[in-house]
Amino acid sequence: MTALGRVVRTTAFKLSAIYFAVFSAFAVAFVLYISYSTNSLLTQQVESTIAAEVMGLAEQGRSGGLPAIFEVVEQRSRQPGASLYLITDVSGRILAGNVSRVPAALLERSGMGPVTVPYQRSAEEGQRMAMVQVLRLPGGFRMLVGRDLGEHEQFRAIVTRALGWAVALMIGLALVSWFFVSRRVLKRIDSVSATTRRIMAGDLSGRLEVTGTGDEFDRLAESLNAMLERIEALLHGLKDVSDNIAHDLKTPLTRLRNRLEAALAGPEDTASYRATVEATIEESDRLIQIFNALLMIARIEAGLPDTAMVEVEAGAILRDVAELYEPLAEEKGIRLTVRSPETIRLKGNRELLGQAVANLVDNAIKHARAGAVETRPVEVTVSAAREGSNVALRVADNGCGIPAGDRERVLQRFVRLEKSRSAPGSGLGLSLVAAVVRLHHGTIELGDAGPGLTVTIRLPAG
Amino acid sequence: MRILVIEDDREAAAYLLKALREAGHVPDHAGDGEAGAAMAEEGRYDVIVVDRMLPKRDGLSIIEDLRKRGDMTPTLVLSALGQVDDRVTGLRAGGDDYLAKPYAFSELLARVEALARRRKPGEVETVYRIGDLEMDRLSHTVSRAGQPVPLQPREFRLLEYLMKHAGQVVTRTMLLENVWDYHFDPQTNVIDVHISRLRAKIDKGFGEPLLHTIRGAGYMIRDGAR
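Residues numbered from 1 in each chain as written. Chains lettered and ligands numbered in written order. Predicted model: local features only at pLDDT ≥ 70, side-chain atom pairs only at ≥ 80, totals over all residues.

## Details of the overall build of chain B
Inference 1: Looking only at helices and strands, chain B features 8 helices and 12 strands.
Inference 2: Considering chain B as a whole, with its 226 residues, one finds that 38% of them fall into the buried category.
Inference 3: If you take every contact in chain B between residues at least 6 apart in sequence, the share linking residues at least 24 apart comes to 56%. (Helix = DSSP H or I, 4+ residues; strand = E, 2+ residues; numbered from the N terminus. Buried ≥ 20, exposed ≤ 12 C-beta atoms within 10 Å, placed from the backbone. Contact = placed C-beta atoms within 7 Å.)

## Comments concerning the overall build of chain A
Inference 1: In terms of helices and strands, chain A carries 9 helices and 12 strands.
Inference 2: Put simply, chain A has 462 residues, and 26% of those count as buried.
Inference 3: Counting contacts in chain A only where the partners sit at least 6 residues apart, residues at least 24 apart contribute 62% of the total.

## Considerations on the environment of Phe155(A)
Residue and element names in this part refer to chain A.
Inference 1: Relative to the assigned elements, Phe155 resides in helix α3 (residues 150-200).
Inference 2: In sequence terms Phe155 and Leu42 are 113 residues apart; their C-alpha atoms lie 9.8 Å from each other.
Inference 3: Sequence-distant contacts of Phe155, that is, excluding residues within four places in its chain, are made with Thr38 and Leu42.

## So, the sheet that holds strand β11 (residues 443-448) of chain A
The strands that make up a sheet pair up through hydrogen bonds in the backbone, lying either parallel or antiparallel.
Residue and element names in this part refer to chain A.
Inference 1: Strand order across the open sheet formed by 5 strands is β7-β9-β10-β12-β11, with mixed pairing between neighbours. Edge positions in the sheet fall to β7 (334-339) and β11, since each has one partner strand and no second. Strand-to-strand twist in this sheet, taken as the mean axis angle between neighbours without regard to direction, amounts to 15°.
Inference 2: One ladder, built from 7 bridges, connects strand β10 (residues 390-397) with strand β12 (residues 453-460); its direction is antiparallel. Bridging from a neighbouring strand, Ala392 pairs with Arg458 of β12.
Inference 3: Lying on the sheet, helix α7 (residues 314-331) is in contact with β7, β9 (378-387) and β10; it crosses β7 at an angle near 170°. (Pairing = 2+ DSSP bridges. Axes fitted to C-alpha atoms, helices over the stretch in contact; angles between N-to-C directions.)

## A look at the interface of chain A and chain B
Inference 1: Facing 27 residues of chain A, the contacting portion of chain B comprises 19 residues.
Inference 2: At the level of elements, α6 (270-301), α7 and α8 (350-368) of chain A are the ones that each hand at least two residues to the side of chain A that touches chain B.
Inference 3: The element best represented in the side of chain A that touches chain B is α6(A), accounting for 8 residues.
Inference 4: A class-by-class count of the residues in the side of chain A that touches chain B yields 12 nonpolar, 8 polar and 7 charged. (Nonpolar A, V, L, I, M, F, W, Y, C, P; charged D, E, K, R; others polar.)

## Remarks on the nonpolar core
Inference 1: Ranked by size, the top nonpolar core spans 107 residues in total, and within it Tyr325(A), Val357(A), Val361(A), Val436(A) and Val49(B) carry the most contacts.
Inference 2: Broken down by element, the residue count for this core peaks at 10 residues, all from α8(A).
Inference 3: Those residues in contact with Val361(A), other than ones at most four positions away along the chain, are Val321(A), Tyr325(A), Val380(A), Val382(A) and Val395(A).
Inference 4: If you look at the next biggest cluster of nonpolar residues, it comprises 21 residues, including Val46(A), Leu86(A), Tyr119(A) and Met131(A). (Core = buried A, V, L, I, M, F, W, Y, C linked by C-beta atoms within 7 Å.)

## So, the sheet that holds strand β11 (residues 211-214) of chain B
Residue and element names in this part refer to chain B.
Inference 1: With respect to topology, 3 strands assemble into an open sheet ordered β10-β12-β11, the strand pairing being antiparallel. Each edge of the open sheet is held by one strand with a lone partner, namely β10 (170-171) and β11.
Inference 2: Bridging between β11 and strand β12 (residues 218-221) involves 4 bridges; their strand directions are antiparallel. The partner of Ile214 across the bridge, within β12, is Gly218.
Inference 3: Sheet strands touched by helix α6 (residues 153-164): β10, β11 and β12. Its angle to β12, the strand with the most contacts, is close to 75°.

## Observations concerning the pairing of β11(A)
Residue and element names in this part refer to chain A.
Inference 1: Where β11 lies against β12, 6 bridges are found, and the strand directions are antiparallel. The residue bridging Leu446 from the neighbouring strand is Val455, located in β12.
Inference 2: The hairpin turn running from β11 into β12, its antiparallel successor, is 4 residues long, and Gly450 in that turn takes a positive phi close to 50°.

## Considerations on the packing of α7(A) against α8(A)
All names here are of chain A.
Inference 1: With their axes 9 Å apart at the nearest point, α7 and α8 run at an angle of 35° to one another. Seen along the crossing, α7 lies across α8 with a hand that is right-handed. Residues Ile317, Leu318, Asp320, Val321, Leu324, Tyr325, Leu328 and Ala329 of α7 form the contact with α8, whose participating residues are Arg350, Leu353, Gly354, Val357, Ala358, Val361 and Ile365. (Left-handed = near helix turned anticlockwise from the far one by under 90°.)

## Notes on unusual backbone geometry
Inference 1: Phi at Lys56(B) is positive, roughly 75°, even though this residue is not glycine.
Inference 2: Tracing the backbone through its elements, the reader meets Lys56(B) in the loop between β3 (47-51) and α3 (59-68).

## Remarks on the packing of helix α2 (residues 33-41) of chain B against α3(B)
Residues and elements named next belong to chain B.
Inference 1: At a minimum axis distance of 10 Å, the contact between α2 and α3 shows a crossing angle of 20°. The orientation of α2 relative to α3 falls into the category roughly parallel. The way α2 lies across α3 gives a crossing that is right-handed. Of the residues in α3, those in contact with Gly33, Gly36, Ala37 and Ala40 of α2 are Gly59, Ile62, Asp65 and Leu66.
Inference 2: Residues that form the contact of α2 with α3 fall into these classes: 4 nonpolar, 3 polar and 1 charged. (Parallel < 35°, antiparallel > 145°, perpendicular 65-115°, else oblique.)

## Considering the environment of Leu228(A)
Residue and element names in this part refer to chain A.
Inference 1: You can see Leu228 is positioned in helix α4 (residues 216-248).
Inference 2: Sequence spacing of Leu228 and Leu208 is 20 residues, and the spatial spacing of their C-alpha atoms is 9.4 Å.
Inference 3: The contacts of Leu228, once residues within four sequence positions are left out, are Ile199 and Arg207.

## Overview of α6(A)
Residue and element names in this part refer to chain A.
Inference 1: Look at α6: 46 Å from first C-alpha to last across 32 residues, which is about the 46 Å you get at 1.5 Å a residue.
Inference 2: Within the sequence span of α6, burial applies to Ala293, Leu294, Met296, Ile297 and Ile300.
Inference 3: Phi turns positive one or two residues past the end of α6, at Gly303, with a value near 95°. (Expected span 1.5 Å × (residues − 1).)

## Examining the pairing of strand β2 (residues 94-97) of chain A
Taken residue by residue, a regular strand's side chains alternate between the two faces of the sheet.
Inference 1: As paired strands, strand β1 (residues 84-88) of chain A and β2(A) are joined by 3 bridges and run antiparallel to one another. Among the inter-strand pairings, Ile87(A) is bridged to a residue of β2(A), identified as Ala96(A).

## With respect to α7(A)
Residue and element names in this part refer to chain A.
Inference 1: If you check α7, its first and last C-alpha atoms are 26 Å apart, about what 18 residues at 1.5 Å a residue would give, namely 26 Å.
Inference 2: A bend of about 45° at Tyr325 is the largest found in α7, and the proline Pro327 appears one to four places after it.
Inference 3: Burial of α7 is extensive: 13 of the 18 residues sit out of reach of the surface.
Inference 4: Among the residues trailing α7, Gly333 stands out with phi positive, at a value near 70°. (Bend = angle between axes of the 7 residues up to and from the residue.)

Here it is, written out as C-alpha cells:
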C-alpha cells in the first residue's frame, strides 16, 4: 500500500472529499442559477429596448416617410453608447447606420423576432455579438435595429470567474477541514487505537487520554476506560480464583486421594472400605458445593435477564430466611430476630436476595459464638429499613466482628480469615453476596456493631 | 418402573443405567436427541430423564414436542448449567423437575421416584395416614395415636411433603425447593435441624419412629411395621 493509498483510505480524506463534492455542487448550482436568471433578465431588457426603438422609428416613418427615418438613424448612430442601426438598399449597399458588416443572409430574414448575430461596427474593429431585428422598409430598403451584447458577455465572464473562485475556495476549505479533522480529531482516534493495541498486548493498566473538554471523544474515552476498569477487575478476579482454586481445591482433592490410597493399602475389610467410600462421597459433595458456588457467582456476574427481576418485599425476604435459620440458631443458643417495621418494595430476584441474606445469617450464626462473652446472650439481628431512596438490609451479630483492615478482603473469593479456616465453608459466601448486590446495583458495607459485625446491603428501592 | 435416559455422555449414562437397574427400575438409553425423541414418542415410559445439551437435538425441544402432543410423561431435566434462569427456562419448556450436574445419584433417584408418584391419577387425598400418624389437610391438623400434634405452618408443610412421598427418599434439596421454595444450597444443613424439630414432635414419646434418616441421601417417612 502506497503512502497515497493510505491517505486516500483515511476517514479524514474521505470526509474532506465528501465536503468538497457537496459544497462544489452547491456552489456550481447556485452560480449557474444566478447566471441563468440574470441572463434571461438581460435578454428580456434588450428585447424590449429593441422593440421600443423599432416602434419609435416606425412612428418617424409614418410622419415623415423614409427621409425622416434616415435622418433619425444618422443622428442616433453618432451618439455615444448608441444602439445599432443599419439601412441598406435593395442591392445590400449600406446607406446609413453605425454597423459596417453583418452576415449577408441576415438582411433577407425580415419580419422575424430579434436574433443574436455577430457583427462589426467598422472594418478595423473586431467581431462582436449583438441582438438585432431586421425590418423591411418600403422600396426594398432594409433596416436593422439592435443592441450590442458586450455587457452580457462581460457579465458572463464575471460569473465564470466567480465560479472559478468558488471552486478554488471549496478546495481550500476542503483542505482546511481535512487538515483539521485529521490533525485534531482523527489523531485522537489514532491514539485510542494505539492505547487499545497496547492494552491488547498485555498492559491492562493502560487508559485512554481524557482531555477534559467534555466533548464526545472524552465521553468515549471515559466509557472505554470504565470498560477497561471492569475488564481489569474481572481478570484480577479470575486470577485470584485460579490462585485460590489451586489452594482451596487442591487441599480437599489431596485429602480425598490420600484417603483412598490409605484404604487400598489398608486391611481388606468391607466395613473400613465402606467408611472410606462414605467419607469420599462427603468430601466430593463439598467439592461440588464449591464448584456450584463458583459457577453461581460467575453466572450472577455475567448478569441475569430482566425477567428474573420482579417486585419483591424486603421484609418477606428477611422473614423467610430467618424462618429457615431459626431452628439452627436456637440449637446453637443464638437468638435470631427480624426487624422490618414497614413494607418496602424493591425490584430484585427473591431467590438470589434470599441466598445473599441466608449466607450472611449463616456466617453470623457460625462466627457470632467466637469471642462471645459468657454472660451475654449471643444475638443475630436481621433488619430492613428505608434510607432515602435506598433499602438497607442489615445482618448484625454481637460476636467478635472483623478487624477494620480485613473487611474489604473478606468480600473476595475464597478469602477466609485465619481463625475461621477450621470452620466448614467454601470461603465463597460473602463473594456471592457481593455479586448479588452488584447485580442489584447496590452496595455492601461491613461495619462494627460494637461489639460484633454489621453487614449492610443497600439496594435501590423500587 | 420404565425410565428413558437421554444422555450423550456414555460413561455417565452407563453408570446411571446400572444404578437405576440396581434400584429395581427398567431403564432404556438414547445417546442423542433424535433417538431420544423417537423413543420418547413411543410413550411407554413412566419417567424420562433428559440432558439439556445433546447432539443432534436440544433436550428441551424434545419435551416441548411431547407436551404439544399432549404427552404428559414426567420429565427430569439434567443440565450442566443449573442456575436460576436456566431452571426457569427448563421448567417453562414443560420439564417437571430440574437437576444440575454434577449430581448425586441418590438425589436423581429420589427425584425420579417422586416424579413417577406425581403422575398417579386419582382424587386429591385430603387425609394422609402413615401408621398411627394422621394428617388432615383440610383442617390443617395432625395427630399421632389419636393425640393432637400442634405444628407450625412450615412444619406442617414439611410433614405434608414427606407424607405425600411416604415410603420414598426425599432429599434435603427437594425439601428446600418444595417446602421453602429456595433453589440454592445453604452452607449449613439447616434442613436437618428442621427435621429434628419435626421428629421431636411426631416421633418423640411414641413407640415406632416414622421419620427416618437415610444416610447419604435424605429422609423418608414410612410405617416401620410394614
